[in-house]
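# Survey of secondary and tertiary structure
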Amino acid sequence: MPRIGILTFHHANNYGAVLQAYGLSRALLELGHDVQVIDYRPETARNHYEGRMPRRPRRFCREYLFRRRFNKFRKHLLPLSQTYLTAAELAQSQSDFDVIVCGSDQVWNVTSYRGYDPAFFLNFVQGEQPKRVSYAASFGGATESDLGKDASEIGQLLNKFDHISVRDAQSLEVLSGLTSKPVSHVLDPVFLTDFDAITPPRLIDTPYIFSYCMNPSDLLREATPYLSRTLNLPVVSAKTYIEGTKLIHPGPLEWLSLLRHADFVCTDSFHGTCFSIKDKKPFVALPSYNGMSRIVDLLDTAALSDRVAENSDDLEQITSREIDFEPVSPRIEAARSRSLNFLSEAID
């Protein structure tokens, strides 16, 4: 039984980050492997997610509870390794694994607050073992030009990978200029496993619209009251306050339940879109502040590209049009099967 280490952004207090880490670890466990999520917590991430708490008591309590829910999720639902705080410490982990899987998420996005961290290109792995694999890794909104002086080193590190896969077309394009190795296009790992066992029962008794948007854009401010009026439902918003909505700060498990039991979903998040499709919810995808390529890719795979709203006219058309998930499900299942095949072949 191969010992597998997953190196990803599990440490982020972000719904998609922890849920994709859970999805990949569960999928590998279900394939019969011994799995650990490598608990790498570099200084940049610690400063960002464990930094100063708000001073005002109400905000302090809210942030404390928010962080506590994420820490609880990681502690109880992710098979964490020992903690590594530096790249030097991380190098000690390679003897513990037969395969190290890098991904999913934007682990290769050098334009994020983390900058370029060569650990996520597995620079700490020396020799032929453990095997180097990427699963659904992403450069996010970064282009090849954004890599700058690091492009050559990144290319050299990628050429040492045994198998490479990414989750979006933009990352495929970036890789085409960095390596001649074959690259597979796979689904995000949240599609690889079932979340029923960890999703709490319905939290809100009455019907509602669930809004999970990272960007408080003018279109979101327009969409929220429009959806509420048109569907005659209240709006529950996670993390981003828009006038007229009920603002909440759920943990990852509560987030799963709120989306699953919603009557309609409004999101500009990639993982908000993933779970809307996975849970077969009527939804609208708004433009994302960090680019739409990942969301557009996913919607193309699902044949749901008409769910993107760029303006108020689009909103009107989308809300008047039901989603027929009958042709969507087999497309997602086919992509899921290809993704699991990649994972099995890359590890074995």
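Structure shown above.
About the cut-offs
Residues numbered from 1 in each chain as written. Predicted model: local features only at pLDDT ≥ 70, side-chain atom pairs only at ≥ 80, totals over all residues. Heavy atoms only, no water. Helix = DSSP H or I, 4+ residues; strand = E, 2+ residues; numbered from the N terminus. Buried < 20%, exposed > 50% of the residue type's maximum accessible area, 1.4 Å probe, protein only. Polar contact = N/O pair within 3.5 Å; in protein donor to acceptor, adjacent residues only side chain to side chain. Contact = heavy atoms within 4.5 Å. Pairing = 2+ DSSP bridges. Axes fitted to C-alpha atoms, helices over the stretch in contact; angles between N-to-C directions. Phe/Tyr/Trp six-rings, centres within 6.5 Å; stacked < 30°, edge-to-face > 60°. Lys NZ or Arg CZ within 6 Å of the ring centre and 35° of its normal. Salt bridge = Lys/Arg side-chain N within 4 Å of Asp/Glu carboxyl O.

## Some thoughts on the side chain of Asp188
- Topologically, Asp188 is positioned in the loop between strand S7 (183-185) and strand S8 (209-212).
- For Asp188, a relative accessible area of 2% corresponds to the buried category.
- At a separation of 2.8 Å, a polar atom in the side chain of Asp188 contacts the side chain of Arg167.
- Leaving out residues up to four positions away in the same chain, Asp188 has contacts with Gln20, Ser104, Ala136, Arg167, Phe270, His271 and Cys274.

## Looking at the sheet that holds strand S2 (residues 34-40)
- With parallel pairing, 5 strands are arranged side by side in an open sheet as S3-S2-S1-S4-S5. Each having just a single partner strand, strand S3 (80-84) and strand S5 (131-134) make up the two edges of the open sheet. Sheet twist, expressed as the mean angle between neighbouring strand axes with direction ignored, is 25°.
- Across 4 bridges, the pairing between strand S1 (residues 3-7) and strand S4 (residues 99-102) is parallel. Note that in S4 the partner of Ile6 across the bridge is Val101.
- Against the sheet, helix H12 (residues 328-347) engages S1, S4 and S5, with an angle of about 170° to S5.

## Overview of the packing of aromatic side chains
- Applying the stated criterion across every chain yields a total of 20 aromatic pairs.
- Measuring from centroid to centroid gives 5.4 Å for Tyr15 and Trp255, while their planes differ by 15°, and the two rings are stacked. Of the two residues, Tyr15 sits in helix H1 (residues 15-30) while Trp255 sits in helix H8 (residues 252-260), which places them 240 residues apart along the sequence.
- Owing to a relative accessible area of 2%, Tyr15 belongs among the buried residues under this scheme.
- Taken together, the ring pairs in this structure connect Tyr15, Tyr22, Phe66, Phe70, Phe73, Phe195, Phe210, Tyr212, Trp255 and Phe275 into an aromatic cluster.
- One cation-aromatic arrangement involves Lys239 over Phe66; the distance from NZ or CZ to the ring centre is 3.8 Å.
- The ring of Phe283 carries the charged tip of Arg307 above its face, separated from the ring centre by 5.7 Å.

## What about the pattern of salt bridges?
- Going through the model one piece at a time under the given rule, you end up with 12 salt bridges.
- We note a salt bridge from Lys149 to Asp150, for which the minimum N-O separation is 3.5 Å.
- What makes Lys149 exposed here is its relative accessible area of 77%.
- Residue class for Asp150 comes out buried when judged on its relative accessible area of 19%.
- Between Asp279 and Arg260 there is a salt bridge, with its nearest N and O atoms 3.5 Å apart. With Asp279 in the loop between helix H9 (270-278) and strand S12 (283-285) and Arg260 in helix H8, this residue pair connects regions lying 19 residues apart in the sequence.
- Given a relative accessible area of 18%, Asp279 falls into the buried group.

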